[in-house]
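For reference, the chains in residue letters:
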Amino acid sequence: MPPSSSLAHPNIAFIKYWGNRDHALRLPANGSISMNLAGLETRTTVQFDSGIHQDELTLNSQPAPEAARLRVAAMLDRVRALSGVTAPGRVTSANNFPMGTGIASSASSMAALALAASTAAGLNLTERELSILARTGSGSAARSIPGGFVEWQAGATHEDSYAFSLAPAEHWALADCIAVVSAAHKATGSSEGHPLADTSLLQPVRVADAPRRLALCREAILARDFAAFAEIVEQDNLLMHAVMMTGRPPLLYWQPATLAVLHAAAGWRAEGIEACCTIDAGPNVHVICTAQFQGEVAARLRTIAGVQQVLEAEAGGGARLVGN
Ligand code: PMV
């Protein structure tokens, strides 16, 4: 069968996904909203080939660790079940963003894999079906299928937990300046972290309030209202980290430089710079700003002690097929 190749961007969540109602299906405890990150991308090629004896994965030109290969094989199993293809798959995947910067690649890699694998198997899935398929590989990957500003509705079942575009990338010129404060590999990855959410007394409160935060964030994006956007993004971020910090065992992802960036950015906002902060399951800070302040924000971040590198990304499109 001929190969298929795809490209997908990672995304940064403005309203965070943390905790599952169903871990196997990755049905989230709450809905979430994100923006795809242009410029940062995973490119993946899949070919089903009855001449090989098991699924193969080459990651950034190297044979992949077994754990990564098994996660990819599980996605290929789901594609084989949907399509009737029985052959093993040969997968090559590469990220253009530096590995070891703590920028999660699971969203872009699982979104790219869902698209390339389903196409290589002869399926022609809708955006919704692709989002559902990507979700089973990594929850946040559901949000890297549609373009621009994206909402993942939690849903109650496998079929209705998927993401859709709220607005295209061109809708609002926002940028993510990522302050890399540690290149160390995550202590506890999100797959192991989600089950810990339920051990925090705060998670039920966070989940119950999610519809309010989703509505405020959605409205702020549609109205391009940065002040309202910044307030809800930062509140949502701190709620998620409060849950992480108060679970058993606690997850304390922040480093001293993480806090230094949070304090600095709060000061910049008081000066009138449109910037706000959000942090994933790691110590790096994503400073979201309007395009007019991007250069200033990135330059200032580079002067903070402990900031090793600053990556910049604007709003990006959805997952798409590319030439092999
Ligand atoms: O998709 P996962 O399992 O890597 O979880 C992502 C979790 C966060 O990045 C912390 C939040 C989010 O919504 O992206």
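An account of the accompanying structure is given in this report.

Reading the values: rules and limits
- Starting afresh in each chain, residues are numbered from 1 along the sequence in its written order.
- With the structure being a predicted model, the display of local features is reserved for residues of pLDDT at least 70 and the display and counting of side-chain atom pairs for 80 or more, all residues being used for whole-chain, interface and lining totals.
- To obtain the side-chain values, all non-hydrogen atoms of the structure were used and water was disregarded.
- Any two strands with at least two DSSP bridges between them are considered paired.
- Runs of H or I in DSSP of at least four residues are treated as helices and runs of E of at least two as strands, each being numbered from the N terminus.
- Residue contacts are defined here by distance: any two heavy atoms, one from each residue, within 4.5 Å place the two residues in contact.
- Fitted lines through C-alpha atoms serve as axes, helices being fitted only where they are in contact, and the angles separating the N-to-C directions of these axes extend from 0 to 180 degrees.
- Residue exposure (1.4 Å probe, protein chains only): buried if accessible area is under 20% of the type maximum, exposed if over 50%, otherwise partly exposed.
- Each polar contact in these results corresponds to two N or O atoms within 3.5 Å; when the atoms are within protein, one needs to be able to donate a hydrogen and the other to accept it, and residues that are neighboring in sequence are counted only if both atoms are side-chain atoms.
- Here a residue is near a molecule or strand as soon as one of its heavy atoms is found within 4 Å of it.
- The Shrake-Rupley method, run with a 1.4 Å probe sphere, supplies the accessible areas, and residue values consider only the shown protein chains as cover.
- We call Asp, Glu, Lys and Arg charged. Ala, Val, Leu, Ile, Met, Phe, Trp, Tyr, Cys and Pro are nonpolar, and the rest, Gly among them, are polar.
- Those domain boundaries reflect an automatic or database domain assignment.
- Two helices crossing with the near one rotated counterclockwise from the far one by less than a right angle form a left-handed crossing, whereas a clockwise rotation gives a right-handed crossing.
- Here, a salt bridge means any Lys or Arg side-chain nitrogen found within 4 Å of an Asp or Glu carboxyl oxygen.
- Residues belong to one nonpolar core when they are buried, are Ala, Val, Leu, Ile, Met, Phe, Trp, Tyr or Cys, and are joined through side-chain atoms within 4.5 Å.

Below, the discussion takes up the sheet that holds strand β1 (residues 4-8). Within the open sheet, the six strands sit side by side as β8-β7-β9-β6-β1-β16. Their pairing is mixed. Among the strands making up the open sheet, the edge pair consists of β8 (62-63) and β16 (320-322). In the sheet, strand β7 (residues 56-59) pairs with β8 via two bridges, with the strands oriented antiparallel. Within the sheet, the bridge partner assigned to Thr-58 lies in β8 and is Pro-63. Helix-sheet contacts for helix α2 (residues 106-120) involve β1, β6 (42-48), β9 (89-95) and β16, and the interaxial angle to β6 is about 30°.

Turning our eyes to something else, we now look at the side chain of Thr-258. Mapped onto the elements, Thr-258 comes out in helix α8 (residues 256-270). On the basis of relative accessible area, Thr-258 is assigned to the buried category, the value being 0%. Within polar-contact distance, the side chain of Thr-258 engages the backbone oxygen of Pro-283 at 2.8 Å. Residues in contact with Thr-258, not counting those within four places in the same chain, are Val-181, Ile-279, Pro-283 and Val-285.

Here we come to the sheet that holds strand β5 (residues 32-36). Ordered by their spatial adjacency, four strands build an open sheet running β2-β5-β10-β11, and the pairing between neighbours is antiparallel. Bordering the open sheet on either side are β2 (11-15) and β11 (162-167), each of which pairs with just one other strand. Taken over all neighbouring pairs, the strand axes of this sheet differ in orientation by 35° on average, direction set aside. Here four bridges tie β2 to β5, and the two strands are oriented antiparallel to one another. Residue pairing across strands places Asn-11 opposite Asn-36, the latter belonging to β5.

Another point: the site of the ligand. Close contacts around the ligand come from 14 residues, with Tyr-17, Ser-140, Arg-143, Ser-190 and His-194 the closest. Within the side chain of Ser-138, one N or O atom sits 3.1 Å away from an oxygen atom of the ligand. Between an oxygen atom of the ligand and a side-chain N or O atom of Arg-143, the distance comes to 2.8 Å. In isolation the ligand exposes 390 Å². Once the protein is present, 95% of that is buried. Taken together, the residues of the shell around the ligand break down into five nonpolar, six polar and three charged. A domain split of the shell around the ligand shows at least three residues from each of domain 1 (4-168) and domain 2 (171-314).

Here the focus is the packing of helix α1 (residues 66-83) against α2. Two numbers describe how α1 lies on α2: the axes approach to 10 Å, and their chain directions differ by 35°. When the axes of α1 and α2 are compared, the crossing they make is right-handed. Counting all contacts with α1, which are made through Arg-71, Val-72, Met-75, Leu-76 and Val-79, the residues of α2 involved are Ser-106, Met-110, Leu-113, Ala-114, Ala-117 and Ser-118. Residue composition of the contact of α1 with α2, by class: eight nonpolar, two polar and one charged.

Under the counting rule described, the total for this entry stands at 15 salt bridges. Among the ionic pairs, Asp-209 bridges to Arg-212, the shortest N-O distance being 2.7 Å. The salt bridge involving Arg-300 is made with Glu-271; its shortest N-O contact spans 3.1 Å. With Arg-300 in helix α9 (residues 294-302) and Glu-271 in the loop between α8 and β13 (275-278), the pair connects residues that are 29 residues apart, well separated along the chain. What makes Glu-271 exposed here is its relative accessible area of 53%.

Mapped onto the secondary structure, Val-85 falls in the loop between α1 and β9. Overall, the relative accessible area of 13% leaves Val-85 in the buried class. Separated by 35 residues in the primary sequence, Val-85 and Ala-120 have C-alpha atoms spaced 9.7 Å apart. Excluding its chain neighbours within four sequence positions, the residues that come into contact with Val-85 are Met-1, Phe-48, Arg-80 and Ala-121.

One finds Trp-18, Cys-177, Val-261, Val-285, Val-287, Val-297 and Leu-301 to be the most contacted residues of the largest nonpolar core, which totals 33 residues. Secondary structure elements with two or more residues in this core: β12 (174-180), α7 (226-245), α8, β13, β14 (285-290) and α9. Leu-301 has contacts with Cys-177, Ala-179, Val-261, Trp-268, Val-287, Val-307 and Val-310, leaving out every residue within four places of it along the chain. Core analysis: the next-biggest nonpolar cluster, separate from the first, contains 31 residues, Leu-40, Leu-166, Ile-232 and Leu-311 among them.

Next up on the list: unusual backbone geometry. Residue Pro-249 is reached from Arg-248 by a cis peptide bond, and omega for that bond is -5°. Position of Pro-249 relative to the elements: it lies in the loop between α7 and α8. Despite not being glycine, Asn-60 shows a phi value in the positive range, around 50°. Looking at the secondary structure, you find Asn-60 in the loop between β7 and β8. Judged by its relative accessible area of 24%, Asn-60 is partly exposed. Positive phi is not limited to glycine here, since Ser-61 has a value of about 70°.

These figures come from the coordinates and say nothing about function on their own.
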